[in-house]
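In case you want the letters, here they are:
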Amino acid sequence: MKLKTIIFIVCLLFTASAFGQAIKGTIKTKTGAPVPSATITVLNSTMATASDREGQFILTLTEGNYQLAISAVGFATQFKTVSISNKTVINLTVQLQATGRQLNEVLVTAEKNQQDVQKVPAAVTVLDAKQIRDYRLWDITNLTAIAPNLFTVEHGNSTSSNFVNIRGVMGFSNEQAVATYVDGVYQFDYFSAPPLFNDIESIEILRGPQGTLYGRNAFGGVISITTRQPGNTPSGYAEMTFGNYGQQRYTVSLSEPIIKNKLFASGSFTYNHRGSIYYNEFTKSGFDRRKDYSGNFNLRYLPSANWSLALNVKTENDNDRGSFPWVTSFEEVFSKPYQVNTNNANVEHRNNFNTSLAANYYGRDFNFTSVSSYIDYRLYYPDGGIDYDFSPLNIFSVGPDTRQHVYAEEMRFASPSASHNKLKWVAGAYGFIQDNHINSPTLFGSDYLQIDPTSGAPFTTTDISRGTNKGYAFFGQATYPLTKKLDFTAGMRYDHEKRKLGQYTDYQKEPDPPVLQTPNADYQAGFHAVTPKFVLSYKVQDNMLLYGSYARGFRAGGLNTNAPTPAQVPYQPEHSDNYEIGWKNMLFNNKLKLNLTAFYLEQHNQQISTSHDGVNQLILNVGEMHNKGAELEITALPVKGLQIDWNASYSYARYTSLLLYSADAKAVVNYKGDQPINTPPVSSMLAVQYNYDFAGSRQKLSAFVRGEYRYLDRYYFDFVNGLSQPAYSLFNGKAGITSKHFELDFWARNVSDKKYVAYGSFGTFLLGAPRTYGTTLIAKF
């Protein structure tokens, strides 16, 4: 009897949408001509269809409220809300406007479901696939000023690091301050997050703490990257780029339905190579070189109208030479631009494998999502490692070998997509296990004898550590309309983590085998955090939203393995409190988007590497930072073919307490009033593009020209505000022709070849990228 009951329930779930009401629709142009092959997607469901040659389509849906997304090549995407009842026949007519005459309505998943970004009461910037291509975004370091108050650190020729600053909040310990998600999977630290962009569908930048739905390290915000997903329409492209400094980049992407309406597959592969920018005075030759490849593969299966399964596999391999081309003087970085003088090649290898399985169920009573993921990551520096004396002398170098394995699971239940219920909710749980293996040798070369003649150099000491981090979280968020126009949202999350680490040190002098120098020591600590969120949003009219919100975020704590006392071993989590008001508008028949945000942020217990005694360098919770500011985003279509995108931000970020050890004072000093690192008070990005369509062209031939202007105010490299990069501007340009089947671009970045310091820390500095230029050819099929 029990078996029959289970079979009945399963059959009911799989056939729940078999009986419903048909929506009959027609997609037309402004002049009334039919739009064939338009895609009509039901948001937060598996259902989608396409219009026929007459622009007509049919969708069968059960009773409820739905939101449709209608898109077609050459036309601006629109959203439509429809209500279905068994007594109503729906005849829907949609008039699409040509791209260049109306802005796209943009989809986001910022609140764990698909929504119109202008209806989300939060500061969110979204880049779609076309914008990513227009801005020529190849990796995460290209994102500076793409959104207000966003700063990413260029880290020389290394592709291993992911340092992001949003609203003055940036990580200075072993954990990120801005969480990075790729296809719904959290990337655990600076180095495991894939920094290279391969076949990206969209990038969502959420500003301000997002702890309630995103959890650990969504402390300053979130960057959520989504790769292109396969569907019923076969598509693909091949892309080739050639530029100065020997730049070559090749991408191939294919998407194909294996079984129509059931099984879909897509795959992409990118190979990138670039020659030397830096010159090594010691070897009298080029110092750096980039060579990397990455692949992204998706398999999507729809067993029924209620279920979807998606398997994703990503792989990335970086083989960079000349990583970290640092110099030790702020003056030298300008007097000898793009020059180093070192006896090491600074070779860096990075291998990253990500895979995930997402299962989604869309039911009458609830929706369910499960995301299971695994990350296998390695970063290592062979052949002598990184030169840490920054000279031709063989004094010392480091060559850490880091391996990381992460298993994670997130499960969510949410209100059903088509529910008539006023309450919209989501609740779930998250858990992870993270294993870290690090072998970190320090090589003391023969020239170390000049510093310590009694040391017995050359020799090597190797710190060997094995750590396991485990954590779980429970979260929930609900939105309820207090009136027809006023909504109230409340959410809460509880996170708990436990860390264990064992570490010992070996000593080796060739040709003798390694001997134990420091015996193994075991460390452990536990942390927890509660992150609430409250929002009031008021819909002034359908295209205008006002909101006010409070949100908290946290950054995970960690372990000081060199602490002199047990009490100093753990350092505690950071917390951030963010108060925000926003005004979001789509005006003049979607020809103008105007968003304005004001915020006040408090950062508590900031984790900073410092000392309280002048001897032991530890990560301590010694910083309190407050930041208040305003952010503006405008996108306009003033005339046909001309699009203007402009964002600007102002922030007043200051430490209210910053207790750091001063070598001059030989005591702890409070640097209250200083600015946080890498936080320009003013930043702005202006992009202007004009497209000219050749009327009557069967291949839909058009030409375009584009200019970009980026401005960054002065930013500091140290907590005492001693060294800084003065304000500067960068110009990028692009021009080309496009058609149905190809695109040819000519581009240049940093056109004026501006010299600016992109990175400065612990007495090391390097310049940002010089002028680069090239051409890109894209074949579309």
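Preceding block: the structure.
These numbers were taken from a predicted model, which means no experiment stands behind them. (Residues numbered from 1 in each chain as written. Predicted model: local features only at pLDDT ≥ 70, side-chain atom pairs only at ≥ 80, totals over all residues. Heavy atoms only, no water.)

Caption draft 1: Quick peek at the overall build of the protein. A tally of helices and strands in the protein yields four helices and 51 strands. Principal-axis analysis of the C-alpha atoms gives the protein an extent of 90 × 65 × 50 Å. The buried share among the 781 residues of the protein stands at 54%. By sequence separation, contacts in the protein at least 24 residues apart represent 65% of the contacts at least 6 residues apart. (Helix = DSSP H or I, 4+ residues; strand = E, 2+ residues; numbered from the N terminus. Buried < 20%, exposed > 50% of the residue type's maximum accessible area, 1.4 Å probe, protein only. Contact = heavy atoms within 4.5 Å.)

Caption draft 2: Expanded view of the nonpolar core. Of all hydrophobic cores here, the largest spans 78 residues; its most connected members are Val124, Leu127, Leu137, Leu143, Phe197, Ile203 and Tyr278. Leu137 has contacts with Leu127, Ile132, Asn142, Leu143, Ile146 and Phe197, leaving out every residue within four places of it along the chain. Counting residues in each nonpolar core, the second largest holds 24 residues, with Leu618, Ala653, Tyr655 and Tyr671 among its members. (Core = buried A, V, L, I, M, F, W, Y, C linked by side-chain atoms within 4.5 Å.)

Caption draft 3: The arrangement of the sheet that holds strand β2 (residues 39-42) in detail. The four strands lie next to each other as β3-β2-β5-β6, forming an open sheet whose pairing is antiparallel. For this open sheet the edge positions go to β3 (48-50) and β6 (78-84), each flanked by a neighbour on one side alone. On average, each strand axis in the sheet is inclined to that of its neighbour by 25 degrees, with strand direction left out of account. Two elements, strand β5 (residues 64-71) and β6, share seven bridges in a ladder whose sense is antiparallel. Residue pairing for β6: Ile70 is matched across the bridge by Gln78. (Pairing = 2+ DSSP bridges. Axes fitted to C-alpha atoms, helices over the stretch in contact; angles between N-to-C directions.)

Caption draft 4: Representation of the packing of aromatic side chains within the structure. Summed over all chains, the structure comprises 40 aromatic pairs. Judged by centre distance (6.3 Å) and plane angle (65 degrees), the ring pair of Tyr715 and Tyr728 falls under edge-to-face. A residue pair is termed long-range when its members are at least 10 positions apart, and Tyr715 in strand β45 (residues 715-716) and Tyr728 in strand β47 (residues 728-738) qualify at 13 residues. Tyr715 gets classed as buried once you look at its relative accessible area, which sits at 0%. Among the residues examined, Tyr728 registers a relative accessible area of 4% and is labelled buried. The rings of Phe151, Phe330, Phe334, Tyr715, Phe717, Tyr728, Tyr756 and Phe765 are connected pair by pair, giving a single aromatic cluster. (Phe/Tyr/Trp six-rings, centres within 6.5 Å; stacked < 30°, edge-to-face > 60°.)

Caption draft 5: Representation of the side chain of Thr355 within the structure. With respect to the helices and strands, the residue Thr355 is situated in strand β25 (residues 348-362). A polar contact is formed between the side chain of Thr355 and the backbone oxygen of Asn312, at a distance of 2.9 Å. The residues touching Thr355, leaving out its near neighbours within four places in the chain, are Leu311, Asn312, Val313, Ser372, Ser373 and Tyr374. (Polar contact = N/O pair within 3.5 Å; in protein donor to acceptor, adjacent residues only side chain to side chain.)

Caption draft 6: Expanded view of the pairing of strand β1 (residues 21-28). With six bridges joining them, β1 and strand β4 (residues 56-61) adopt antiparallel strand pairing. Each bridged residue has a counterpart across the sheet, and for Gln21 the counterpart in β4 is Leu61. As judged from the six bridges shared by β1 and strand β7 (residues 90-95), these two strands associate in the parallel manner. Looking at the pairing, Ile23 lines up with Ile90 of β7.

Caption draft 7: Representation of the pattern of salt bridges in the model. Under the definition given, this model contains 27 salt bridges. The partner of Glu631 in a salt bridge is Arg167, with the nearest N and O atoms 2.9 Å apart. With Glu631 in strand β40 (residues 618-636) and Arg167 in the loop between β12 (164-166) and β13 (178-182), this pair connects stretches of sequence that are 464 residues apart. Across the salt bridge formed by Arg216 and Glu497, the nearest N and O atoms sit 2.6 Å from each other. Taken together, the residues span a long stretch of sequence, with Arg216 in the loop between α3 (211-214) and β16 (221-227) and Glu497 in strand β32 (residues 486-508) at a distance of 281 residues. (Salt bridge = Lys/Arg side-chain N within 4 Å of Asp/Glu carboxyl O.)

Caption draft 8: Broad picture of the sheet that holds β16. Reading across from one edge, β10-β15-β16-β13-β14 is the order of the five strands in this open sheet, with mixed pairing throughout. Pairing within the sheet leaves two strands with one partner each, and these edge strands are β10 (124-128) and β14 (185-187). Here the average twist between neighbouring strands, direction ignored, is 20 degrees. In the sheet, β10 pairs with strand β15 (residues 200-207) via five bridges, with the strands oriented antiparallel. Across the sheet, the residue bridging to Val126 is Glu204, located in β15.

Caption draft 9: How the structure looks around a nonpolar patch on the surface. Together, Phe366, Phe413, Leu423, Trp425, Tyr480, Leu482, Phe488, Phe534 and Leu536 line one region of the surface with nonpolar side chains, adding up to about 760 Å² of accessible area. Positionally, Phe534 belongs in strand β34 (residues 533-541). (Patch = residues over 30% accessible without salt bridge, like charges linked within 9 Å, V, L, I, M, F, W, Y side chains within 5 Å. Areas by Shrake-Rupley, 256 points an atom, 1.4 Å probe, with all protein chains shown as cover.)

Caption draft 10: Expanded view of a positive patch on the surface. A grouping of Lys30, Arg101, Lys591 and Lys640 is seen on the molecular surface, where their side chains present a positively charged patch. Within the secondary structure layout, Arg101 lies in the loop between β7 and β8 (107-108). (Lys, Arg positive; Asp, Glu negative; His and termini not counted. Charge placed at Lys NZ, Arg CZ, Asp CG, Glu CD.)

Caption draft 11: Broad picture of unusual backbone geometry. Along the chain, Ala457 connects to Pro458 via a cis peptide bond; the corresponding omega equals 10 degrees. Looking at the secondary structure, you find Pro458 in the loop between β30 (424-444) and β31 (459-481). A cis amide bond links Glu510 to the next residue, Pro511, at an omega of 5 degrees. Relative to the helices and strands, Pro511 is located in the loop between β32 and β33 (515-530). Within the chain, Lys112 stands out as a residue other than glycine whose phi angle is a positive 70 degrees. Following the sequence through the fold, Lys112 ends up in the loop between β8 and β9 (115-116). Although it is not a glycine, Phe390 sits at a positive phi angle of roughly 55 degrees. Among the residues examined, Phe390 registers a relative accessible area of 24% and is labelled partly exposed.

Caption draft 12: Region of the structure containing the environment of Val106. Among the structural elements, Val106 can be located in the loop between β7 and β8. Under the relative-accessibility criterion, Val106 is labelled partly exposed at 25%. Note: C-alpha distance between Val106 and Asp128 (22 residues apart in sequence) is 8.2 Å. Beyond its immediate sequence surroundings of up to four residues, Val106 is in contact with Phe79, Gln115, Asp116, Val117 and Val126.

Caption draft 13: Molecular detail of the pairing of β16. In terms of residue burial, β16 counts as a mostly covered element, since six of its seven residues are buried. In this structure, β15 lies alongside β16, joined through seven bridges in antiparallel fashion. Across the sheet, residue Leu206 finds its bridge partner in β16, namely Val222.

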